[in-house]
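# Structure assessment
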Amino acid sequence: MKKNIAVVRGDGIGVEIIEEALKLLKTVAKIYKHDFSFNEVLAGGCAIDKTGQCLPDESLRICKESDSVLLGAVGGFKWDNEVSTNRPEQALLRIRKELGLFANIRPAFLFPMLKNASPLKAEILEQGIDLIIVRELTGGVYFGEHKTKKIENELVASDDMTYKESEIRRIAKVAFDIAKNRKKELISVDKANVLDSSRLWRKISEEVAKEYKDVKLSHMYVDNAAMQLCARPSQFDVILTENMFGDILSDEASIITGSIGVIPSASLNETKQGLYEPIHGSAPDIAGQNKANPIATILSVAMMLRLSFELEKEAKAIEDAVQKTLNQGFRTADIMDKDSTLLTCSQMGDEIIKNLS
Ligand code: IPM
Ligand code: MG
């Protein structure tokens, strides 16, 4: 199979984790006889440094023309004072918007051997954690109007949280389709006791539910969902939520599984094109030290092979290789425990690759 992959290393640990993902993809291509070509593009803080623009036109064009995009992470303290429209994060938001990547799929699962890394008690973890957050990614407060004005001598800032029925309907369908193939239970998370956008979210998700009679839909307020994720995570199978709630809950869902460093994500549009990235950020504090955990990025590659390229066997082989490497007791610093072997980012990549064949 021939595929063109646009690669955004981005900033901080993005550079190192993408290196491991590329090593792995090249090995997969060799073993399974595929022809993957990689087109590295600048986006984020590094693009600001080199070109002045967080997302040069050329980078966006290459991403649009690719079969899918693999991204490390963008951002860092260095660019904190950049104007809001040219911050590194804007590069990511623009790629999401311009490619129409409205469906963000974020699985959170507990690798049993990583349970000591979880901040939750053993009794809670015994029930298991295996859930998927379906986050709307191109609407809501991220893309509403952002304004800062001076009114009566003081600054007033506002950010609009807007949702159209059609935006809610299409993401709800993605979540119902996933739920239909799992436990047939969908929890939609909102703040309908306060927000109009959430009340519309509830109404439309109820409407979509009529097309999925075999899936049980229930609703939960986001504050309660944040609490329930810690108290009883096993009650969740598929969560449907809007952009910002999904951003916040997915960080929480990842840390209860042991580390944000092992959770992948896929952002999909109406076609098979997708952007694949770990859910963690650029971690400038450990960047360049070969300490980062490449597993989230490597598992994002598995998602790319499965969801964009329909290469199920290869995707499964990567996931199995990650499991095996963890079972052998290899750990990066974020998931280290006393009886394990500490590896650097590149050593972890090498061990996973060894377990591939
Ligand atoms: C994420 C990140 C991004 C987001 C940032 C980097 C803009 O936190 O993918 O979760 O808020 O969506
Ligand atoms: Mg986030």
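Here the structure is a predicted model, which means the values were calculated and not measured. Every residue gets a number counted from 1 within its own chain, in the order that chain's sequence is written. Chains carry letters from A onward and ligands carry numbers from 1 onward, assigned in written order. Reporting of local features is limited, given that this is a predicted model, to residues whose pLDDT is at least 70; pairs of side-chain atoms are given and counted only at 80 or more, and all residues count toward the totals for whole chains, interfaces and linings. The side-chain values count all of the structure's non-hydrogen atoms but skip hydrogen atoms and water molecules.

## Focus: the overall build of the chain
- What the chain contains, in helices and strands, is 12 helices and 14 strands.
- Atoms counted for the radius of gyration: C-alpha only. Globule rule: 2.2 Å times residue count to the power 0.38. For 357 residues, the compact-globule estimate of 2.2 N^0.38 gives 21 Å, and the chain sits close to it at 20 Å.
- Using a 1.4 Å probe on the protein chains alone, a residue whose accessible area is under 20% of its type maximum counts as buried, one over 50% counts as exposed, and one in between counts as partly exposed. For the chain, the proportion of its 357 residues judged to be buried stands at 54%.
- Computed with the Shrake-Rupley method and a 1.4 Å probe, the accessible areas treat only the protein chains shown as cover for residues. For the chain, the accessible area works out to roughly 15,900 Å², and carbon and sulfur atoms hold 51% of it.
- The positive charge centre, built from 47 side chains, and the negative charge centre, built from 53, are 3 Å apart in the chain. Only DSSP runs of H or I covering at least 4 residues are called helices, and only runs of E covering at least 2 are called strands; the numbering of each starts at the N terminus. This count recognises Lys and Arg as positive and Asp and Glu as negative, with His and chain-terminal groups excluded. Note on charges: their place is set at NZ of Lys, CZ of Arg, CG of Asp or CD of Glu.

## What to know about unusual backbone geometry
- Positive phi, normally seen in glycine, also occurs at glutamate 152, with a value near 45°.
- Phi is positive for alanine 283, close to 40°, though the residue is something other than glycine.
- Here alanine 283 lies in the loop between β12 (274-278) and α10 (295-307).
- By relative accessible area, alanine 283 is classed as partly exposed at 23%.

## Observations regarding the site of ligand 1
- Every residue close to ligand 1 is listed here: Glu89, Arg96, Arg106, Arg135, Tyr142 and Asp247.
- Identification of polar contacts relies on pairs of N or O atoms within 3.5 Å, with a donor-acceptor requirement for protein atoms, meaning one able to donate a hydrogen and the other able to accept it, and with residues adjacent in sequence counted only if both atoms are side-chain atoms. Arginine 135 has a polar side-chain atom sitting 2.8 Å from an oxygen atom of ligand 1.
- At a separation of 2.8 Å, an oxygen atom of ligand 1 approaches a polar side-chain atom of aspartate 247.
- Amino acid classes used here: Ala, Val, Leu, Ile, Met, Phe, Trp, Tyr, Cys and Pro are nonpolar; Asp, Glu, Lys and Arg are charged; the rest, including Gly, are polar. Here the shell around ligand 1 is built from residues that sort into one nonpolar, no polar and five charged. By convention in these notes, a residue is near a molecule or strand provided one of its non-hydrogen atoms lies within 4 Å of it.

## Looking at the packing of helix α6 (residues 165-180) against helix α7 (residues 196-209)
- As a packed pair, α6 and α7 sit with axes 9 Å apart at the nearest point and diverge in direction by 50°. On the basis of their axis angle, the class for α6 and α7 is oblique. Two packed elements cross with a definite hand, and for α6 against α7 that hand is right-handed. Of the residues in α7, those touching α6 at Glu165, Ile168, Arg169, Ile171, Ala172, Lys173 and Phe176 are Leu200, Trp201, Ile204, Ser205, Glu207, Val208 and Ala209.
- Classifying every residue of the contact of α6 with α7 gives nine nonpolar, one polar and four charged. For helices, the fitted axis covers only the stretch in contact; all axes are lines through C-alpha atoms, and the angles between them, taken along N-to-C directions, range from 0 to 180 degrees. An angle counts as roughly parallel when it lies under 35 degrees, as roughly antiparallel when it exceeds 145, as roughly perpendicular when it falls between 65 and 115, and as oblique in every other case. Each crossing is labelled by how the near helix is turned from the far one, with a counterclockwise turn of less than a right angle marking it left-handed and a clockwise turn marking it right-handed. Here, two residues are considered to be in contact whenever any of their heavy atoms come within 4.5 Å of each other.

## With respect to the domain arrangement of the chain
- Domain start and stop positions are those given by an automatic or database domain assignment. The domain boundaries assigned to the chain delineate domain 1 (1-102 + 265-357) and domain 2 (119-256).
- Between domain 1 and domain 2, the contact holds nine residues from the first and 12 residues from the second.
- Of the roughly 930 Å² buried between domain 1 and domain 2 on both sides combined, carbon and sulfur atoms contribute 67%.
- Two parts placed together each lose some accessible area under a 1.4 Å probe, and adding up what both lose gives the buried area. Interface area lost by domain 1 to domain 2 is led by Lys97, Phe102 and Ile279, which between them contribute 62%.
- Salt bridges, as used here, are contacts in which a Lys or Arg side-chain nitrogen is within 4 Å of a carboxyl oxygen on Asp or Glu. For the pair domain 1 and domain 2, the interface holds zero salt bridges.

## Focus on the sheet that holds strand β2 (residues 35-40)
- Note: two strands are recorded as paired if DSSP finds a minimum of 2 bridges between them. Judged by pairing direction, the sheet is mixed, and its 10 strands sit side by side in the order β2-β1-β3-β12-β11-β4-β5-β10-β8-β9 without closing on themselves. Since the sheet does not close on itself, it has two edges, and those belong to β2 and β9 (216-221), each with one partner. Across the sheet, the mean angle from the axis of one strand to that of its neighbour is 25°, orientation sign disregarded.
- Bridge count between strand β5 (residues 130-136) and strand β10 (residues 238-241): four bridges; the pairing is parallel. Residue pairing for β10: isoleucine 133 is matched across the bridge by isoleucine 239.

## Notes on the pairing of strand β8 (residues 185-190)
- Among the six residues of β8, five are classified as buried, and the element is accordingly described as predominantly covered.
- Pairing of β8 with β9, which is carried by six bridges, proceeds in the parallel orientation. The partner of glutamate 185 across the bridge, within β9, is lysine 216.
- By the criterion used throughout, a crossover qualifies as right-handed when its path from the first strand across the helix to the second strand runs clockwise, the strands pointing away from the viewer. What joins β8 to β9 is α7, and the crossover it makes is right-handed.
- Here β8 runs beside β10; their pairing, made up of four bridges, is parallel. Looking at β10, one finds that leucine 186 is bridged to valine 238.

## What about the environment of proline 284?
- Position of proline 284 relative to the elements: it lies in the loop between β12 and α10.
- A relative accessible area of 33% places proline 284 in the partly exposed class.
- Each C-alpha atom of the pair proline 284 and aspartate 11 lies 8.0 Å from the other, and the pair is 273 residues apart in sequence.
- Apart from residues no more than four positions distant in its own chain, proline 284 is found in contact with Gly76 and Phe77.

## Here we look at the state of the cysteines
- Only a pair of cysteine sulfur atoms within 2.5 Å counts as a disulfide in this structure description. Using the criterion set out here, one finds zero disulfides in the structure.
- Residue cysteine 345 stays outside any disulfide, its sulfur separated by 17 Å from that of cysteine 46, the closest cysteine.
- Owing to a relative accessible area of 0%, cysteine 345 belongs among the buried residues under this scheme.

## Details of the packing of aromatic side chains
- Only Phe, Tyr and Trp rings are paired, with Trp represented by its six-membered ring, and only when their centres lie within 6.5 Å; those with planes under 30 degrees apart are stacked, over 60 edge-to-face, the remainder tilted. Applying the stated criterion across every chain, the model contains four aromatic pairs.
- For the pair phenylalanine 109 and phenylalanine 111, a centre-to-centre distance of 5.2 Å together with 85° between the ring planes defines the contact as edge-to-face.
- According to the relative accessible area criterion, phenylalanine 109 is partly exposed, its value standing at 21%.
- Assessed through its relative accessible area of 5%, phenylalanine 111 is described here as buried.
- Taken together, a centroid distance of 5.3 Å and an interplanar angle of 70° make the contact between tyrosine 163 and tryptophan 201 edge-to-face. Separated by 38 residues along the polypeptide, tyrosine 163 in the loop between β7 (154-159) and α6 and tryptophan 201 in helix α7 bring together distant segments of the chain. Here the two residues tyrosine 163 and tryptophan 201 agree in accessibility, since each one is buried.
- We call a charge positioned over a ring when the NZ of a Lys or the CZ of an Arg lies within 6 Å of the ring centre and within 35 degrees of the ring normal. One residue, arginine 135, lies across the ring of tyrosine 142, its end atom 5.3 Å from the ring centre.
- Just above the ring of phenylalanine 102 sits the side chain of arginine 170; from NZ or CZ to the centre is 4.3 Å.

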